[in-house]
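The lines below spell out each chain.
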Amino acid sequence: MGISVFILAGLLVHCVFLVSIFDIYFSSPLVHGMTPQQTPLPPPAKRLVLFVADGLRADSLYELNSNSTPPAPYLRSILENNGSWGISHTRVPTESRPGHVALIAGFYEDVSAVAKGWKENPVEFDSVFNESKYTWSWGSPDILPMFAKGASGDHVYTFCYTAESEDFGAQDAAKLDMWVFDHVKSFFNSSRSNQTLFSALNEEKVILFLHLLGIDTNGHAHRPNSREYKENIKKVDEGVKEIASMIDNFYGNDGKTAFILTSDHGMTDWGTHGAGHPSETLTPLIVWGAGVNYPQRVTSQKFEDNLLKEWKLENLKRLDVNQADVAPLMASLIGVPFPLNSVGTLPLEYLNNSAHFKAESMFTNAVQIVEQFKVKMSQKRETTLSFLFTPFKPLSDSEQINYLKKARLYIQQQKYDEAISLCKTLINLALEGLSYYHTYDRLFLGLSIAMSFVGWTTYVILVIIKTHTNLTKAVQTNKESTVLFYGFAFVGMIIAFFLLIQTSPWTYYIYCLLPVPVWYAVVKELPVIQDLATNLLSHNMVQSVGFIFICILGIEILVFSFFYRSTLTVGLLVFAGWPVITQLWAQAKTSASVWTLLCVLLAIFPLMPVVGREPNIPLVIATGLLTLLISCFSLASLCKNKNKYRNNEDLKVYFYQMLSIALSTYVVSSTHDSLKNKQGLPLLNQIISWMTLVSSSVLPLLSSTFLIQRLFSILLSLMSTYLLLSTGYEALFPLVLSGLMFVWINMEQEALQHYGLSLKPKLAVFNFTYATDITQFRQLHLDDVRRSFFFVFFIVTAFFGTGNIASVNSFDPASVYCFLTVFSPFMMGSLLLLKVVIPFVLVSCAFEAIQVTTQLSSKSLLLLVLVISDIMALHFFFLVKDYGSWLDIGTSISHYVLVMSLTIFMMLMNGLAQLLTTQRLQLSRGTKHHST
């Protein structure tokens with residue numbers, strides 16, 4: 001198999017592995033075709049006002065200030081005198097979109113929704129807004145259009161400010177909330193002179209939705225403990241008070257308005273959200289007005305979190321709900337059908353109504369969830385062969401009818417409490433059943449992927465042994481056995497036939513048929529396996545077993561480092577002792593001492609707190625100056641060199657790169673000063689930042705292709721961009737890492753000589769352009785396995801060294817303030833991704849240099865790297881889970897996605913590193929300098 005075909009096959013197989021996880025664990029839970037269910041009794045409220053204070057933490061609203069005054073006096077008086085309160089528990093990912101969908105549509109979105117866009121609906125869904133007679137909404141262009149687009153007919157109206165208003169660097173984001181309050185007031189004023197609007201507002205089943213983004217924006221820009229965040233809460237409190245009294249006056253205090261104030265998600269102390277930390281998942285819920293219970297006094301109540309004492313609310317009953325329970329609560333208050341896909345359970349304790357009304361509402365809730373269960377079950381039954389179908393036993397058809405008949409009978413006999421508890425049991429069973437059918441094919445798909453995984457890894461190991469080592473004799477593979485080919489083809493046809501008669505989705509064909517060609521390729525290499533077994537048995541068994549044990553231990557350490565960053569510190573300290581263990585110390589004392597020193601320095605980074613928690617701009621500036629100092633020394637040594645290795649063109653490029661570093665250092669300093677003084681992002685700084693970003697990808701290609709010079713040029717270019725994206729100690733990371741990479745290249749030279757594998761070429765004269773002479777490649781040696789392991793370890797260190805990016809909430813928007821401050825999730829995400837990639841590129845380029853200087857074909861080392869990362873990925877494939885805390889589920893999936901992406905990424909990185917190191921652009925039209 002040619003190298004390009006092999007890499008293409010590898011990329012395809014890994015893409016299948018990566019995508020499969022979303023099909024297996026993250027397909028959309030929605031079903032369609034249910035009939036809307038609505039409570040037959042008249043509702044308590046005619047209209048509902050929903051305030052969503054985006055990014056508001058529960059403790060920020062409920063906890064008293066240091067002088068014992070409430071942060072939101074009006075809302076505090078509501079929960080003490082007029083309404084009910086509690087905590088709404090959100091789910092991961094704690095982002096605005098899934099949070100609003102849970103509140104308004106009553107279901108938890110699958111993760112694919114985040115990838116498919118912020119404003120669009122990847123799947124059409126029903127919502128309380130859609131079921132209402134009219135909904136008017138004011139707020140952010142990122143949230144409102146989503147619910148208007150999914151609505152049937154033209155009855156959901158949106159009023160949004162411009163996307164540019166969402167500026168993290170602006171004077172004060174509270175102006176976004178003032179915009180909403182002002183527009184709601186003028187809307188009601190204008191309705192007095194507009195008869196159509198006036199009569200629409202006086203209809204029943206009306207919803208007014210105020211989305212308040214200021215708190216979230218201020219939290220990102222200044223952190224939740226800042227003065228700005230707290231003042232914004234106060235402004236929202238005043239705004240809510242004004243709007244509530246204005247609406248009551250407008251309707252002549254008819255007592256038919258219900259009010260709900262809640263939040264879509266909370267926020268960590270360092271101003272981010274997305275993961276499952278309590279500060280992100282605990283949000284406030286305050287409900288008052290028509291049909292809502294008054295505060296209930298209690299003498300004691302028990303909650304595990306012990307927050308009531310801190311909030312001085314021990315004597316007021318706290319009613320906790322899941323976020324999706326708010327949708328059925330809204331539907332029940334204004335008497336609209338429950339959203340079709342809602343999985344929320346109506347929180348009855350919030351309702352101030354007759355027991356009959358509560359029982360009927362609960363019955364409607366149960367029927368609505370059982371409807372979804374029935375549709376899901378019939379879908380599964382249709383696509384599974386009857387003898388293979390195993391139904392969800394606790395809720396068979398007869399059981400469903402039984403439960404509903406019993407509940408209806410209890411209501412008729414006025415045994416309301418029994419009816420309610422029976423309906424709750426039925427809801428829990430139906431939700432279990434929904435989950436059962438949703439994950440019905442999981443085991444079978446998981447096994448198919450695992451078989452492909454093991455097959456692929458085995459095949460790669462066989463390819464390495466067969467073509468790049470001397471472990472097997474040149475085995476002549478006998479002519480391809482036709483029996484073997486037809487046997488595997490027959491198995492493939494049987495699998496395809498089974499999938500066809502079950503009308504399975506096309507992706508199932510890929511997952512289930514992939515093991516067939518992969519294992520065919522493995523079985524075809526049977527003679528190699530036999531030969532290898534004979535060869536290994538003739539060797540020293542203890543050595544072979546010891547070697548395999550060390551390999552497994554190394555991979556386990558890498559897997560462990562995904563959970564505990566400090567494992568990397570242990571690994572790096574072991575690396576520091578590598579020259580001593582292998583006697584390289586005696587051979588190259590200087591290189592070995594520098595290696596040990598840099599390993600110890602790099603080992604400090606994984607012990608530091610995650611990036612973004614503590615901004616430290618002076619440290620970033622100091623790093624910029626340090627980089628300039630290093631480049632001056634390097635320039636001096638280059639000028640001392642004979643003319644042979646340099647020309648004026650190289651020096652020009654060099655000066656330009658130094659200028660770029662100086663400019664980046666200045667931009668970081670002045671931008672953060674400007675933002676501190678609330679003057680926004682200066683336009684000049686923004687232009688310089690983007691120009692630096694663009695030039696950093698081109699400049700290395702203009703520099704000399706001599707090994708040390710080219711690598712140093714790549715470091716300087718990437719460093720200028722990295723400085724612009726840094727907010728603290730991480731700015732030093734690429735500097736220490738690349739220092740270690742330079743020494744690593746030197747150390748590998750020493751190791752080669754130590755094992756007598758080749759003569760030591762002089763690194764200073766080594767030129768990338770002429771390094772790809774095929775005849776000089778050697779076979780793999782056991783020491784090359786260590787080289788590959790070092791590479792994978794450094795790649796993982798490059799990734800986790802400055803923070804665990806496996807958690808969504810570790811993305812700090814402050815990192816991108818030199819480029820943009822207006823909220824733009826995809827642009828910000830891309831820049832943060834670039835920040836992650838820069839250390840990768842440095843490690844990949846060093847690895848490319850090592851392949852070249854140790855006379856190995858890039859394919860053989862890449863294959864070893866592939867095997868190591870595939871075995872790691874297989875670990876994470878089996879560690880993926882969809883139960884336990886939301887934090888665990890999110891982390892387990894992101895780990896698998898990370899390792900798979902790393903593998904695909906390393907294949908692409910290999911190509912990028914080759915391009916960065918070997919290609920050279922010639923700009924001058926005069927004499928072309930070719931260093932030979």
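These numbers come from a predicted model, not from an experiment. (Residues numbered from 1 in each chain as written. Predicted model: local features only at pLDDT ≥ 70, side-chain atom pairs only at ≥ 80, totals over all residues. Heavy atoms only, no water.)

Peer 1: Hey, could you run me through the overall build of the protein chain in this one?
Peer 2: When helices and strands are tallied, the protein chain shows 36 helices and eight strands. A buried classification covers 57% of the 932 residues belonging to the protein chain. Put simply, 80% of the contacts in the protein chain that link residues at least 6 apart link residues at least 24 apart. Accessible area for the protein chain stands at about 39200 Å²; split by element, carbon and sulfur atoms hold 63% of it. (Helix = DSSP H or I, 4+ residues; strand = E, 2+ residues; numbered from the N terminus. Buried < 20%, exposed > 50% of the residue type's maximum accessible area, 1.4 Å probe, protein only. Contact = heavy atoms within 4.5 Å. Areas by Shrake-Rupley, 256 points an atom, 1.4 Å probe, with all protein chains shown as cover.)

Peer 1: I'm lost on the packing of helix α19 (residues 482-501) against helix α20 (residues 506-513) in this one. Help?
Peer 2: How two helices pack is summed up by the angle between their axes together with the distance between the axes. Interhelical geometry of α19 versus α20 gives an angle of 155° and a closest axis separation of 10 Å. One element, α19, and the other, α20, form an angle in the roughly antiparallel class. Remark: the crossing between α19 and α20 carries right-handed chirality. Along its contact with α19, which presents Gly492, Ile495, Ala496, Leu499 and Leu500, the element α20 presents Tyr508, Tyr509, Cys512 and Leu513. Of the residues assigned to the contact of α19 with α20, the class counts are eight nonpolar, one polar and no charged. (Axes fitted to C-alpha atoms, helices over the stretch in contact; angles between N-to-C directions. Parallel < 35°, antiparallel > 145°, perpendicular 65-115°, else oblique. Left-handed = near helix turned anticlockwise from the far one by under 90°. Nonpolar A, V, L, I, M, F, W, Y, C, P; charged D, E, K, R; others polar.)

Peer 1: I tried to follow the layout of surface pockets on my own but got confused; where do I start?
Peer 2: Where empty space is left becomes clear once a probe the size of a water molecule has been rolled over the atoms. Reported here for the second largest pocket is a volume of approximately 2200 Å³. Lining the second largest pocket are 50 residues, with Phe547, Ile548, Cys551, Leu782 and Val785 sitting closest to its centre. Going through the elements one at a time, α18 (442-468), α22 (526-538), α23 (541-561), α24 (566-576), α25 (578-581), α32 (733-754), α33 (782-800) and α35 (858-879) are the ones with two or more residues in the lining of the second largest pocket. For the lining of the second largest pocket, the element with the highest residue contribution is α23, accounting for 12 residues. The residue makeup of the lining of the second largest pocket, split by class, is 33 nonpolar, 14 polar and three charged. (1 Å grid on protein atoms, 1.4 Å probe; cavity = no way out; pocket = protein on both sides within 12 Å on 5 of 7 lines; lining within 4 Å. Points joined across faces, edges and corners; volume = space filled by probe spheres on them.)

Peer 1: Which parts of the structure should I look at to understand the sheet that holds strand β7 (residues 282-289)?
Peer 2: Strand pairing in a sheet is mediated by backbone hydrogen bonds. Such pairs are either parallel or antiparallel. With mixed pairing, the eight strands of this open sheet are ordered in space as β4-β3-β5-β1-β6-β7-β2-β8. Each edge of the open sheet carries a strand with a single partner, namely β4 (156-160) and β8 (321-322). Where strand β3 (residues 134-139) meets strand β5 (residues 206-212), five bridges bridge the pair, whose relative direction is parallel. In the sheet register, Thr135 faces β5, and the bridge partner there is Ile207. Packed onto the sheet, helix α11 (residues 227-250) meets β1 (47-53), β5, β6 (257-262) and β7 and runs at close to 170° relative to β6. (Pairing = 2+ DSSP bridges.)

Peer 1: Mind showing me how you'd approach the pattern of salt bridges here?
Peer 2: Two side chains bearing opposite charge may form a pair once their charged atoms approach each other closely. Going through the model one piece at a time under the given rule, you end up with 18 salt bridges. Arg47 is the partner of Asp254 in a salt bridge, and the nearest nitrogen-oxygen pair spans 2.9 Å. Of this pair, Asp254 sits in the loop between α11 and β6 while Arg47 sits in strand β1, and the two are 207 residues apart along the sequence. The salt bridge involving Arg787 is made with Asp784; its shortest N-O contact spans 2.4 Å. With Arg787 and Asp784 both in helix α33 and three residues apart, the pair spans about one turn of that helix. Salt bridges sharing partners connect three or more residues here, namely Glu748, Asp784, Arg786 and Arg787. (Salt bridge = Lys/Arg side-chain N within 4 Å of Asp/Glu carboxyl O.)

Peer 1: Even after reading the chapter, I still don't get the nonpolar core, so can you show me in this structure?
Peer 2: Generally speaking, a soluble globular protein has its nonpolar side chains buried in company with each other. In terms of nonpolar packing, the biggest core is built from 145 residues, with Trp595 and Phe794 touching the most fellow members. The leading source of residues in this core is helix α34 (residues 825-853), at 16 residues. Filtering out sequence-adjacent residues up to four positions away, Phe794 remains in contact with Leu572, Phe575, Trp595, Leu740, Met741, Trp744 and Val843. With 69 residues, the next largest nonpolar core counts Val101, Val156, Ala331 and Val336 among its residues. (Core = buried A, V, L, I, M, F, W, Y, C linked by side-chain atoms within 4.5 Å.)

Peer 1: Honestly, a nonpolar patch on the surface in this entry has me stumped. Any pointers?
Peer 2: A contiguous nonpolar patch, built from Phe387, Leu388, Phe490, Ile494, Phe497, Phe498 and Ile501 and spanning about 730 Å² of accessible area, is present on the exposed surface. Its place among the elements puts Ile501 in helix α19. What makes Ile501 partly exposed here is its relative accessible area of 42%. (Patch = residues over 30% accessible without salt bridge, like charges linked within 9 Å, V, L, I, M, F, W, Y side chains within 5 Å.)

Peer 1: What is the right way to look at the environment of Lys302 in this model?
Peer 2: By secondary structure assignment, the location of Lys302 is in the loop between β7 and α13 (307-311). Owing to a relative accessible area of 84%, Lys302 belongs among the exposed residues under this scheme. Put simply, Lys302 and Arg318 are 16 residues apart on the chain and 9.7 Å apart in space, counted from C-alpha to C-alpha.

Peer 1: Sorry if this is basic, but what is going on with the packing of aromatic side chains here?
Peer 2: Two descriptors summarise a pair of aromatic rings, namely the distance from one centre to the other and the angle between the planes of the rings. Within this structure, the stated rule accounts for 60 aromatic pairs. Centre to centre, the rings of Phe485 and Tyr520 are 5.8 Å apart; their planes meet at 70°, and the pair counts as edge-to-face. Within this pair, whereas Phe485 is found in helix α19, its partner Tyr520 is found in helix α21 (residues 515-524), the two being separated by 35 residues in sequence. Residue classification places Tyr520 among the buried positions, given a relative accessible area of 14%. With a centroid separation of 6.1 Å and an interplanar angle of 20°, the aromatic rings of Tyr654 and Phe712 are classed as stacked. With Tyr654 in helix α29 (residues 648-676) and Phe712 in helix α31 (residues 707-724), this residue pair connects regions lying 58 residues apart in the sequence. Overall, Tyr654 belongs to the buried group, its relative accessible area being 8%. For Phe712, a relative accessible area of 10% corresponds to the buried category. Grouped by ring-pair contacts, the aromatic residues Tyr134, Trp136, Trp138, Tyr157, Phe159, Phe187, Phe188, Phe198, Phe250 and Tyr251 constitute a single cluster. In this arrangement the basic side chain of Arg47 is found over the ring face of Tyr251, its NZ or CZ atom lying 3.5 Å from the centre. (Phe/Tyr/Trp six-rings, centres within 6.5 Å; stacked < 30°, edge-to-face > 60°. Lys NZ or Arg CZ within 6 Å of the ring centre and 35° of its normal.)

Peer 1: How should I be thinking about empty space enclosed by the protein in this particular structure?
Peer 2: Going through the model one piece at a time under the given rule, you end up with eight cavities of 30 Å³ or more. In this structure, the second largest cavity encloses a volume near 100 Å³. If you trace the second largest cavity, you find it lined by Leu711, Ile714, Leu715, Ser738, Met741, Phe742, Ile745, Leu842, Cys845 and Ala846. Residue assignment for the lining of the second largest cavity shows that the elements contributing at least two residues are α31, α32 and α34. Of the residues contributing to the lining of the second largest cavity, the split by class is nine nonpolar, one polar and no charged.

Peer 1: How do you make sense of the pairing of β5 when you look at a structure like this?
Peer 2: On a regular strand, each side chain points to the face opposite its neighbour's, so the side chains alternate between the two faces of the sheet. For β5, a buried count of seven out of seven residues is recorded, marking the element as mostly surrounded by other parts of the structure. Residue alternation in β5 divides its side chains into two sets, Val206, Leu208, Leu210 and Leu212 and Ile207, Phe209 and His211, and both sets are buried. Bridging between β1 and β5 involves seven bridges; their strand directions are parallel. Bridge pairing in β5 places Leu50 opposite Phe209.

Peer 1: I tried to follow unusual backbone geometry on my own but got confused; where do I start?
Peer 2: Glycine aside, the phi torsion of most residues is negative, and most peptide linkages are trans. For Ser68, which is not glycine, the phi torsion reads 65° and is therefore positive. Within the secondary structure layout, Ser68 lies in the loop between α2 (58-62) and α3 (73-81). With phi around 55°, Asn306 is a residue other than glycine that occupies positive phi space. Along the polypeptide, Asn306 turns up in the loop between β7 and α13. Note on Asn306: relative accessible area 57%, which makes it exposed.

Peer 1: I would appreciate a short explanation of α34 in the present structure.
Peer 2: What sets the pattern is the α-helix's 3.6 residues per turn: residues three or four places apart point alike. With 29 residues, α34 should cover 42 Å at 1.5 Å per step; its first-to-last C-alpha distance of 42 Å lies within 8% of that length. Val837 marks the point of greatest bend in α34, at about 30°, and the proline Pro839 comes within the next four residues. When you tally the buried positions in α34, you get 22 out of 29 residues, the bulk of the element. (Expected span 1.5 Å × (residues − 1). Bend = angle between axes of the 7 residues up to and from the residue.)

Peer 1: I would appreciate a short explanation of the environment of Ser717 in the present structure.
Peer 2: Residue position: Ser717 is located in helix α31. C-alpha separation for the pair Ser717 and Ser697, spaced 20 residues apart in sequence, amounts to 7.3 Å. Setting aside anything within four residues of it in sequence, one finds Ser717 in contact with Gln657, Ser696, Leu699 and Pro700.

Peer 1: So what exactly am I meant to see when it comes to the packing of α21 against α22 here?
Peer 2: Here α21 crosses α22 at 50°, and the two axes come no closer than 5 Å. Compared by their axis directions, α21 and α22 come out oblique. Every residue of α22 that contacts α21 at Val522, Val523 and Lys524 is listed here: Leu526, Pro527 and Ile529.

Peer 1: Please explain the confidence of the model for the protein chain as it appears in this structure.
Peer 2: Close inspection of predicted coordinates is inappropriate in any region flagged by low pLDDT. Looking at the protein chain, the pLDDT average stands at 85 and 90% of residues meet or exceed 70. Scored below 50 in pLDDT, residues 114-119 shows 16 contacts in the model against residues more than four places distant or in partner chains. Note on residues 925-932: pLDDT is under 50 here. Beyond four places in sequence and across chains, it has 11 contacts. (pLDDT = per-residue confidence, 0-100.)

Peer 1: Is there a simple way to think about the side chain of Ser60 in this case?
Peer 2: The topology assignment puts Ser60 in helix α2. Not counting residues within four places of it along the chain, the set of residues in contact with Ser60 comprises Pro71, Tyr229 and Ile233.

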